[in-house]
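Descriptive analysis of the structure
Take a look at the letters that make up each chain.
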Amino acid sequence: MKYVDTIIGFREVPDEISLCIDISECPIKCPSCHSKYLWGNVGQELNESVLNDLILRNAGISCVCLMGGDKDPKYISQLAKFVKKNFKNLKVCWYSGDSDLSPDIDIQYLDYYKLGPYDEQFGPLNNPKTNQRFYTRGALLHKMNANPNVFYDTTSKFWSNDSTL
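Let me begin by describing the structure that accompanies this report. Keep in mind the model is a prediction, meaning the values are calculated, not measured.

Parameters at a glance
- Residues numbered from 1 in each chain as written.
- Predicted model: local features only at pLDDT ≥ 70, side-chain atom pairs only at ≥ 80, totals over all residues.
- Heavy atoms only, no water.
- Buried < 20%, exposed > 50% of the residue type's maximum accessible area, 1.4 Å probe, protein only.
- Helix = DSSP H or I, 4+ residues; strand = E, 2+ residues; numbered from the N terminus.
- Right-handed = clockwise from strand over helix to strand, strands pointing away.
- Pairing = 2+ DSSP bridges.
- Axes fitted to C-alpha atoms, helices over the stretch in contact; angles between N-to-C directions.
- Parallel < 35°, antiparallel > 145°, perpendicular 65-115°, else oblique.
- Left-handed = near helix turned anticlockwise from the far one by under 90°.
- Contact = heavy atoms within 4.5 Å.
- Nonpolar A, V, L, I, M, F, W, Y, C, P; charged D, E, K, R; others polar.
- Polar contact = N/O pair within 3.5 Å; in protein donor to acceptor, adjacent residues only side chain to side chain.
- Salt bridge = Lys/Arg side-chain N within 4 Å of Asp/Glu carboxyl O.

Before going further, it helps to spend a moment on the pairing of strand 5 (residues 91-95). Where burial is concerned, most of strand 5 is hidden: 4 out of the 5 residues are buried. Once the chain exits strand 4 (residues 63-67) it traverses helix 2 (residues 73-86) before rejoining the sheet at strand 5, and the crossover so formed is right-handed. Summarising the sheet, strand 5 and strand 6 (residues 112-115) pair through 3 bridges and their orientation is parallel. Across the sheet, residue Trp94 finds its bridge partner in strand 6, namely Tyr113.

Pasting the structure below:
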């Protein structure tokens, strides 16, 4: 698996300071994709050692957001497990362009995930008409009745100030 670049993001995961890692070789290839450069086999190898260095160089983050990796969800799980075991204070998010959660992803190592291809007619997550969905582990919600091990659709967090989420 390869990554092309990283940014520190404040909008990709609500209430988190995220190290966003753009992963290449996207098999989804959304027709209106804004990151077509991620379709190709480009970038540098993303392994546990590289991930460790990226995290250490970005002090102050609260989340690692793996942007892509639909080609190999098992490897995404491996990287998420590495983060959770070695950086206990960090949360992990996976942005998948697939419409359904892959059976190969081990969600026990995720705190958040986004599903859905980008469709220009529906817009991104911050558009209330979006086809994309964002899910948050119940343990991170402020709802008293939230099951800590269940994921809840919190997409509205991108387009409202609903403090109950």
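Take the packing of helix 1 (residues 48-56) against helix 2 next. Between helix 1 and helix 2, the shortest axis-to-axis distance is 10 Å and the interhelical angle comes to 45°. Regarding the angle of helix 1 to helix 2, the classification is oblique. Crossing geometry of helix 1 relative to helix 2 is assigned as right-handed. Contacts between helix 1 and helix 2 involve Glu48, Leu51, Asn52 and Ile55 from the first element and Tyr75, Gln78, Leu79, Phe82 and Val83 from the second. In the contact of helix 1 with helix 2, the residues fall into 6 nonpolar, 2 polar and 1 charged.

The 8 strands are arranged 3-1-2-4-5-6-7-8 in an open sheet whose pairing can be described as mixed. The strands lining the two open edges of the sheet, one partner per strand, are strand 3 (44-45) and strand 8 (151-153). Of the strand pairs in this sheet, strand 1 (residues 2-9) and strand 3 are connected by 2 bridges, and their pairing is antiparallel. Paired with Tyr3 across the bridge in strand 3 is Gln44. Against the sheet, helix 2 contacts strand 2 (18-23), strand 4 and strand 5, and its axis sits at roughly 165° relative to strand 5.

Our next topic: the environment of Lys114. As for its position among the elements, Lys114 is in strand 6. In this structure Lys114 comes out as buried when scored by relative accessible area, which is 6%. As for Lys114 and Tyr95, which are separated by 19 residues in sequence, their C-alpha atoms are 4.7 Å apart. Once residues lying within four places of it in the same chain are set aside, the contact partners of Lys114 are Trp94, Tyr95, Ser96, Gly97, Leu125, Gln132, Arg133 and Phe134. At 2.8 Å, the side chain of Lys114 forms a polar contact with the backbone oxygen of Gly116.

What follows deals with the pattern of salt bridges. In this structure the tally under the stated criterion is 5 salt bridges. The partner of Asp111 in a salt bridge is Lys84, with the nearest N and O atoms 2.7 Å apart. Here Asp111 is found in the loop between strand 5 and strand 6, whereas its partner Lys84 is found in helix 2, with 27 residues between them in sequence.

The subject of this paragraph is the environment of Lys91. Structurally, the position occupied by Lys91 is in strand 5. Through-space distance from the C-alpha of Lys91 to that of Gly123 is 26 Å; in sequence the pair is 32 residues apart. Discounting residues that sit within four places of it in the chain, Lys91 has contacts with Glu16, Ser62, Cys63, Val64, Lys84, Asp111, Tyr112 and Leu140. Within the local environment of Lys91, its side chain forms a polar contact with the side chain of Glu16, the two groups lying 3.3 Å apart.

In short, the description is geometric, and any link to function would need to be established separately.
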